[in-house]
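# A closer look at the structure
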Amino acid sequence: EDPSLERHFKGHRDAVTSVDFSPNKKQLASGSMDSCLMIWSMRPQMRAYRFVGHKDAVMCVQFSPSGHLVASGSRDKTVRLWVPSVKGESTVFKAHTATVRSVHFSSDGQSLVTASDDKTVKVWTVHRQKFLFSLSQHINWVRCARFSPDGRLIVSASDDKTVKLWDKTSRECIHSFCEHGGFVNHVDFHPSGTCIAAAGTDNTVKVWDVRMNRLLQHYQGNAVVNSLSFHPSGNYLVTASNDSTLKILDLLEGRLLYTLHGHQGPATCVAFSRAGDLFASGGSDEQVMVWKTNFDAADYGDVLKTQKSGTSVDGAHHTLVEKDCGVHLKKTKSQDSGRNHAQQEEETSLANTLEHIIGQLDVLTQTVSILEQRLTLTEDKLKECLENQQKIIQNKTS
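Residues numbered from 1 in each chain as written. Predicted model: local features only at pLDDT ≥ 70, side-chain atom pairs only at ≥ 80, totals over all residues. Heavy atoms only, no water.

### A closer look at the packing of aromatic side chains
Our working definition: Only Phe, Tyr and Trp rings are paired, with Trp represented by its six-membered ring, and only when their centres lie within 6.5 Å; those with planes under 30 degrees apart are stacked, over 60 edge-to-face, the remainder tilted.
Applying the stated rule across the entire model yields 8 aromatic pairs. Taking 5.3 Å as the distance between ring centres and 70 degrees as the angle between the ring planes, the aromatic pair formed by Trp124 and Phe131 counts as edge-to-face.

Dropping the structure here:
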């Protein structure tokens with residue numbers, strides 16, 4: 001079933017810049033060039049709250065992981081932390097020396113990362129809004145900064161056409177991705193933490209592996225991409241573009257699934273809910289829209305299940321080979337029936353080794369990123385794999 005428009009919120013008086021769902025999905029926050037933050041109730045007939053405090057355009061909003069706070073960043077150079085209730089109280093702190101483009105909570109809710117036109121990325125404690133440190137290697141406006149799901153890394157996107165990956169502990173830039181042909185508007189981590197996706201004014205979305213620092217996927221559109229959001233399953237990505245469309249990309253198949261027309265004028269922001277059953281979008285047309293995802297939930301549920309369980313030792317062996325070089329080993333019947341004891345033992349130990357390797361491949365995220373399944377690898381890697389296979393075969397026959 002195709003995604004469908006579920007709700008339609010009108011109340012902003014200028015372009016919407018940012019949208020985010022509360023963790024319990026009962027509320028939706030949006031920021032706008034009208035200097036206001038709106039909190040919309042997902043329950044019908046409940047009125048929206050308009051929060052006034054910023055002296056200039058609100059560029060970004062995000063709910064804390066607990067849902068008890070909403071952070072907003074503004075052109076007035078401040079960050080505000082709001083309590084999303086009737087009173088709409090907020091604390092304000094001067095965060096940067098220029099427009100604050102992006103705010104993001106760490107997954108434990110303890111830290112906040114902000115990005116600004118003053119070319120810096122800053123990290124703060126949420127509790128006392130205490131400044132911790134600055135990351136300053138970008139040479140132009142920083143549009144977006146995000147924590148990795150485990151909080152160890154920070155990724156930032158800038159008008160200097162780079163995406164930078166930072167180690168939060170050492171505060172050093174680990175890698176710069178320079179493949180964008182234009183400004184980079186938005187960047188985010190895959191739910192597994194193993195990849196990032198970035199959207200740019202060169203009309204592209206690029207997905208990189210942050211362990212190997214290599215480009216995995218590249219989607220060429222026909223308009224500037226302003227924003228993107230990963231589905232919690234990690235299998236889909238939704239984007240918002242200047243041609244007024246939202247696009248849903250299937251990351252497993254590496255193709256465009258849906259193009260949605262709802263906004264009049266540029267679609268500026270988009271975000272999936274924590275459960276993935278809804279996504280929200282905002283546009284220059286001052287409107288906030290909520291869409292029902294309607295993907296077949298069984299599709300990604302099954303993929304995640306098989307990923308985790310790794311059914312049999314043989315299965316594990318196959319997946320590994322397939323992931324590494326796109327070569328799929330299939331046993332023929334004759335081999336199976338003619339197995340002897342020694343061969344079986346050898347295969348078991350081999351399979352155990354392979355299982356061990358799989359275990360090590362991704363200790364952090366426990367399941368090897370689903371994306372890896374369909375990656376086309378460089379010829380070198382393929383050659384290396386084929387050589388290894390030859391060796392294994394030679395060893396078996398000798």
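### Quick word on the sheet that holds strand β8 (residues 78-82)
Stated precisely, the cut-off is as follows: Strands are treated as partners if at least two bridges between them are detected by DSSP. What counts as a helix is a DSSP run of H or I of at least four residues, what counts as a strand is a run of E of at least two, and both are numbered from the N terminus. An axis is simply a line fitted to the C-alpha atoms; with a helix, the fit covers only the stretch in contact. Between two such axes, the angle follows the N-to-C directions and lies from 0 to 180 degrees.
Sheet architecture is open: 4 strands sit in the order β6-β7-β8-β9, paired in antiparallel fashion. Strands with a single pairing partner mark the edges of an open sheet, and in this sheet they are β6 (58-63) and β9 (90-94). For this sheet the average axis-to-axis angle between neighbouring strands, irrespective of direction, equals 20 degrees. Of the pairings in the sheet, the one linking β6 to strand β7 (residues 70-74) comprises 5 bridges and is antiparallel in character. Looking across to β7, one finds that Phe63 is bridged to Val70.

### Here's the deal with the pairing of strand β26 (residues 267-272)
Along a regular strand, successive side chains alternate from one face of the sheet to the other. Our working definition: To sort residues, take the accessible area from a 1.4 Å probe on protein chains only and compare it with the maximum for the residue type: under 20% means buried, over 50% means exposed, and anything in between is partly exposed.
Counting buried positions along β26 gives 6 out of 6 residues, so the element sits mostly inside the fold. Where β26 and strand β27 (residues 278-283) come together, 5 bridges link them in antiparallel fashion. Bridging across to β27, Ala271 finds its partner in Ala280.

### Remarks on the side chain of Ser116
Residue placement: Ser116 occurs in strand β11 (residues 111-116). Overall, the relative accessible area of 0% leaves Ser116 in the buried class.

### Focus: the pattern of salt bridges
Think of it this way: side chains of opposite charge can pair up when their charged atoms draw near. For clarity, the threshold we go by: Salt bridges, as used here, are contacts in which a Lys or Arg side-chain nitrogen is within 4 Å of a carboxyl oxygen on Asp or Glu.
Using the criterion set out here, one finds 12 salt bridges in the structure. The shortest N-O distance in the salt bridge between Arg101 and Asp117 comes to 2.8 Å. Of this pair, Arg101 sits in strand β10 (residues 100-105) while Asp117 sits in the loop between β11 and β12 (121-125); the two residues are 16 residues apart in sequence, bridging distant segments of the chain. The same class applies to Arg101 and to Asp117, which are both buried. Between Asp243 and Lys247 there is a salt bridge, and its shortest N-O distance comes to 3.5 Å. Residue classification places Asp243 among the partly exposed residues on the basis of a relative accessible area of 29%. Among the residues examined, Lys247 registers a relative accessible area of 15% and is labelled buried.

### Quick word on the sheet that holds strand β24 (residues 245-250)
The strand order β22-β23-β24-β25 describes an open sheet built from 4 strands, whose pairing is antiparallel. Lying at the two open borders of the sheet, with one neighbouring strand each, are β22 (225-230) and β25 (255-261). Each neighbouring strand pair of the sheet contributes to a mean axis angle of 20 degrees, computed without reference to strand direction. Inspection of the sheet shows β22 paired to strand β23 (residues 236-241) by 5 bridges, in the antiparallel sense. Counted as the bridge partner of Phe230 is Leu237 from β23.

### Let's talk about the UniProt feature "repeat: WD" (unreviewed entry) in the protein chain
Defined as follows: UniProt positions are given in the numbering used here, feature names are shortened, and annotations may be inferred rather than shown by experiment.
Annotation from UniProt places "repeat: WD" (unreviewed entry) at residues 9-50, 51-82, 93-134, 135-176, 177-218, 225-259 and 260-292. End C-alpha atoms of residues 51-82 are separated by 9 Å, and the span's content is 0% helix alongside 56% strand. What you have in residues 260-292 is 0% helix and 61% strand, and the ends, taken at the C-alpha atoms, are 12 Å apart.

### Concerning the side chain of Ser30
For clarity, the cut-off: What qualifies as a polar contact is a pair of N or O atoms within 3.5 Å, subject to a donor-acceptor requirement within protein and to the restriction that residues adjacent in sequence count only when both atoms come from side chains. Residues are treated as being in contact if the distance between any of their heavy atoms lies within 4.5 Å.
Its place among the elements puts Ser30 in strand β3 (residues 27-32). Owing to a relative accessible area of 0%, Ser30 belongs among the buried residues under this scheme. Polar side-chain contacts of Ser30 include one of 2.8 Å to the side chain of Trp40. In this view, Ser30 contacts His12, Val16, Ser18, Val19, Cys36, Leu37, Met38, Trp40, Val61 and Val288; residues no more than four positions away in its chain are not counted.

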